[in-house]
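Letter by letter, the chains look like this.
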There are 2 protein chains.
Amino acid sequence: MARRADVLDLAVLGLLHDSPLHGYELRKRLATVLGPFRVLSYGTLYPCLKHLSDQGWITSAANDTDPVGGRRARIVYELTAAGKEHFDALVDESGPTSWEDESFGVRFAFFARTPTEVRLRILEGRRSRLEERLDSISTSVARSRERADQYTLELQRHGLESAQREVRWLNELISHERGEQPPTA
Amino acid sequence: MARRADVLDLAVLGLLHDSPLHGYELRKRLATVLGPFRVLSYGTLYPCLKHLSDQGWITSAANDTDPVGGRRARIVYELTAAGKEHFDALVDESGPTSWEDESFGVRFAFFARTPTEVRLRILEGRRSRLEERLDSISTSVARSRERADQYTLELQRHGLESAQREVRWLNELISHERGEQPPTA
DNA sequence: GTTAGCATGTAAGGAGTTACATGATTTT
DNA sequence: AAAATCATGTAACTCCTTACATGCTAAC
């Protein structure tokens with residue numbers, strides 16, 4: 001229980017690892033990590049920061065010594081030693097949740113601070129996940145050939161191609177991680 | 001209020017448009033329409049069917065005349081006249097929600113029953129949406145060039161490329177809809 | 001004999017959104 | 001003068017998942 005969004009925790013702790021930040025700026029940077037799609041609302045961000053504070057992973061300090069221009073005083077959040085430990089523990093995990101759509105991007109964004117074996121496990125897990133998807137698309141194409149119209153087929157074709165492209169991308173990354181420098185690197 | 005998942009309603013009504021189905025089979029076919037990722041749980045599907053029934057858009061009938069093999073009697077859902085009207089009304093809409101990630105695939109899956117002008121509006125809306133995304137990625141790349149490591153840059157590069165590919169795909173589809181047969185069609 | 005597939009549902013809870021509340025400053 | 005950006009937060013609500021409850025048949 002009390003699982004919350006581990007992915008979001010990871011993203012926030014990871015960003016604060018570089019430098020202390022206030023909520024508003026944090027949200028903008030989260031867009032880079034979570035993908036420019038899923039832009040987080042404050043209704044998610046602030047409760048999350050409160051949670052991280054309660055766990056002792058970050059500290060919050062009202063920065064009223066520097067109210068720039070006359071703007072509202074910002075609350076700056078900073079990673080604690082316990083927070084760094086927790087971040088390292090999260091980064092070391094490579095369970096099945098690491099390679100799902102929602103978390104893979106975040107895990108990848110912090111690869112620079114992830115051990116090589118963990119990186120490889122995540123990349124390979126992601127690749128298997130996509131291969132399962134390729135299988136299930138092929139099966140469903142075969143099953144529904146008569147029923148499906150041109151648009152449905154086109155959608156499936158496009159989905160298949162996108163997944164295949166991502167597999168090729170992962171293959172290159174995996175070769176690269178193993179030190180087998182591919183010609184395109 | 002009472003918005004519920006309009007997208008899910010559309011998907012279910014659209015599938016029942018072809019033929020009456022029972023819940024279990026419906027769920028499998030939804031995987032084709034919603035994408036093989038997001039496989040719906042029964043905890044979402046059955047309440048949704050109940051909702052559609054309450055609105056008078058579908059009827060449910062216990063099919064105990066045909067308990068195949070001795071299997072549990074299936075409950076077969078069928079579209080009503082009101083349901084067909086509601087489906088047509090949903091399909092005629094081309095608001096900003098049509099081209100978001102969660103709904104675009106479903107809207108596209110029913111393009112065969114969508115008027116040409118609506119199809120074009122949705123495809124063009126989707127394209128603008130992706131172009132906004134391309135802009136926001138470029139901006140964030142520019143802003144974070146120094147801060148970002150190789151992995152973050154690689155993630156952004158891959159995101160950019162995927163979005164560009166989808167734009168090209170949309171361009172082809174739009175030309176095709178306009179009757180300007182592209183050489184690759 | 002046990003796993004997988006067929007088949008329908010409910011209850012509790014988690015994750016996140018939207019709308020609200022508030023107000024200053026900078027750009028158009 | 002209006003709109004956008006900066007800045008923090010809460011309350012209500014929605015959508016969806018997980019786990020539970022039940023039981024039969026076919027394949028391995």
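Remember, predicted model here, so these are calculated numbers, not experimental data.

Scoring rules and cut-offs
Residues numbered from 1 in each chain as written. Chains lettered and ligands numbered in written order. Predicted model: local features only at pLDDT ≥ 70, side-chain atom pairs only at ≥ 80, totals over all residues. Heavy atoms only, no water. Helix = DSSP H or I, 4+ residues; strand = E, 2+ residues; numbered from the N terminus. Rg over C-alpha atoms; globule rule 2.2 N^0.38 Å. Buried < 20%, exposed > 50% of the residue type's maximum accessible area, 1.4 Å probe, protein only. Contact = heavy atoms within 4.5 Å. Areas by Shrake-Rupley, 256 points an atom, 1.4 Å probe, with all protein chains shown as cover. Lys, Arg positive; Asp, Glu negative; His and termini not counted. Charge placed at Lys NZ, Arg CZ, Asp CG, Glu CD. Pairing = 2+ DSSP bridges. Axes fitted to C-alpha atoms, helices over the stretch in contact; angles between N-to-C directions. Domains from an automatic or database assignment. Buried area = accessible area lost by both parts, 1.4 Å probe. Salt bridge = Lys/Arg side-chain N within 4 Å of Asp/Glu carboxyl O. Polar contact = N/O pair within 3.5 Å; in protein donor to acceptor, adjacent residues only side chain to side chain. Least-squares fit on C-alpha atoms with pLDDT ≥ 70 in both. Phe/Tyr/Trp six-rings, centres within 6.5 Å; stacked < 30°, edge-to-face > 60°. Lys NZ or Arg CZ within 6 Å of the ring centre and 35° of its normal. 1 Å grid on protein atoms, 1.4 Å probe; cavity = no way out; pocket = protein on both sides within 12 Å on 5 of 7 lines; lining within 4 Å. Points joined across faces, edges and corners; volume = space filled by probe spheres on them. Nonpolar A, V, L, I, M, F, W, Y, C, P; charged D, E, K, R; others polar.

Asker: Would you mind showing me how to read the overall build of chain A here?
Answerer: Helix and strand content of chain A: seven helices and three strands. Of the regular secondary structure in chain A, the N- to C-terminal order runs α-β-α-α-β-β-α-α-α-α. The C-alpha radius of gyration of chain A comes to 21 Å, more than 25% above the 16 Å expected for a compact globule of 185 residues. Per-residue burial over chain A gives 43% buried out of 185 residues. In chain A, once contacts between residues fewer than 6 apart in sequence are set aside, the share between residues at least 24 apart is 57%. Entry remark: accessible area of chain A is about 10,200 Å², with carbon and sulfur atoms responsible for 50%. Within chain A, the 28 negative side-chain charges are centred at a point lying 4 Å from the centre of the 26 positive side-chain charges.

Asker: What's the story with the sheet that holds strand β1 (residues 21–22) of chain B in this structure? I'm lost.
Answerer: To summarise the sheet geometry, strands pair through backbone hydrogen bonds and adopt either a parallel or an antiparallel arrangement. Residues and elements named next belong to chain B. Taken in spatial order, the three strands line up as β1-β3-β2 in an open sheet, and their pairing is antiparallel. Across the chains shown, the open sheet's two edge strands, defined by having one partner strand only, are β1 and β2 (58–63). As judged from the six bridges shared by β2 and strand β3 (residues 74–79), these two strands associate in the antiparallel manner. Across the sheet, residue A62 finds its bridge partner in β3, namely I75. Of the strands in this sheet, β2 and β3 touch helix α3 (residues 42–54), which is tilted by about 115° from β2.

Asker: Help me understand the sheet that holds strand β2 (residues 58–63) of chain A, please; the structure alone is not making it clear to me.
Answerer: Residue and element names in this part refer to chain A. In space, the three strands of this open sheet follow the order β1-β3-β2, with antiparallel pairing throughout. The open sheet has two edge strands, β1 (21–22) and β2, and neither has a second partner. Taken strand by strand, helix α1 (residues 6–18) contacts β1, β2 and β3 (74–79), and its axis lies near 90° from that of β3. Helix α3 (residues 42–54) rests against β2 and β3 of the sheet, and its axis sits at about 120° to β2.

Asker: What's the story with the domain arrangement of chain A in this structure? I'm lost.
Answerer: By a frequent convention, interface size equals the accessible area lost on bringing the separate parts together. Under the domain assignment, chain A is made up of domain 1 (6–97) and domain 2 (116–177). The C-alpha-based centres of domain 1 of chain A and domain 2 of chain A are spaced at 33 Å.

Asker: It is not clear to me how the interface of chain B and chain A should be interpreted in this structure. Could you clarify?
Answerer: The interface of chain B with chain A comprises 32 residues on the first partner and 32 residues on the second. Three residues, Y151, L155 and W169 of chain B, lead the burial of chain B against chain A; their summed loss comes to 23% of the area buried on that side. With a shortest N-O distance of 2.3 Å, R165 of chain B and E161 of chain A are connected by a salt bridge. Joining chain B to chain A, the criterion identifies eight residue pairs in polar contact (both at pLDDT 80 or more). In terms of residue count, helix α7 (residues 150–177) of chain B provides more of the side of chain B that touches chain A than any other element does, 13 residues in total.

Asker: For this particular structure, what's the right way to read the relation of the copies chain B and chain A?
Answerer: The relation between the two chain copies is a rotation about an axis coupled with a shift along that axis. Mapping chain B onto chain A calls for a screw motion: a turn of 180° about the axis and a shift of 0.0 Å along it, with 0.1 Å RMSD after fitting. Those values place the two copies in the arrangement expected of a two-fold rotation axis. Ranked by how close their C-alpha atoms come to the rotation axis, the residues of chain B are headed by S162 of chain B, at 4.0 Å. Looking at the interface residues of chain B, 100% of them are also at the interface in chain A, so both copies use one shared face.

Asker: Sorry if this is basic, but what is going on with the pattern of salt bridges here?
Answerer: Pairs can form between side chains of opposite charge whenever their charged atoms are close. Residues and elements named next belong to chain A. This model, assessed by the stated rule, comprises 28 salt bridges over all chains. Where R129 meets E100, a salt bridge forms, and the shortest distance between an N and an O atom there is 2.9 Å. Separated by 29 residues along the polypeptide, R129 in helix α6 (residues 116–143) and E100 in the loop between α4 (81–92) and α5 (101–109) bring together distant segments of the chain. The class for E100 is partly exposed, based on a relative accessible area of 22%.

Asker: Help me understand the side chain of S98 of chain A in this model?
Answerer: All names here are of chain A. You can see S98 is positioned in the loop between α4 and α5. In terms of polar contacts, S98 uses its side chain to reach the backbone carbonyl oxygen of G95, at 2.7 Å. Within the structure, S98 has its side chain in polar contact with the side chain of R107 (distance 3.5 Å). Filtering out sequence-adjacent residues up to four positions away, S98 remains in contact with E93, S103, F104, R107 and I122.

Asker: Any chance you could explain the packing of aromatic side chains here in plain terms?
Answerer: The description of an aromatic ring pair rests on the distance of the ring centres and on the angle between the ring planes. A complete count under the given rule lists 16 aromatic pairs over all chains for this structure. Measuring from ring centre to ring centre gives 5.5 Å for F108 of chain B and W169 of chain B, while their planes differ by 40°; the resulting arrangement is tilted. Of this pair, F108 of chain B sits in helix α5 (residues 101–109) while W169 of chain B sits in helix α7, placing them 61 residues apart in sequence. Here F108 of chain B and W169 of chain B have matching classes, each one buried. Every member of this aromatic cluster is reached through a ring pair, and the members are F104, F108, F111 and W169 of chain A together with Y151 of chain B. Residue placement shows R27 of chain A over the ring face of Y42 of chain A; its charged tip is 4.5 Å from the ring centre.

Asker: Teacher, can you tell me more about empty space enclosed by the protein here?
Answerer: By rolling a water-sized probe across the atoms, one finds the places where empty space is left. Counting across every chain of the model gives one cavity of 30 Å³ or more. Volume-wise, the largest cavity comes out at about 40 Å³. At the level of secondary structure, the elements contributing two or more residues to the lining of the largest cavity comprise α6 of chain A together with α2 (23–34) of chain B. Among the elements that line the lining of the largest cavity, the one with the most residues is α2 of chain B, at three residues. Here the lining of the largest cavity is composed, by residue class, of no nonpolar, three polar and four charged.

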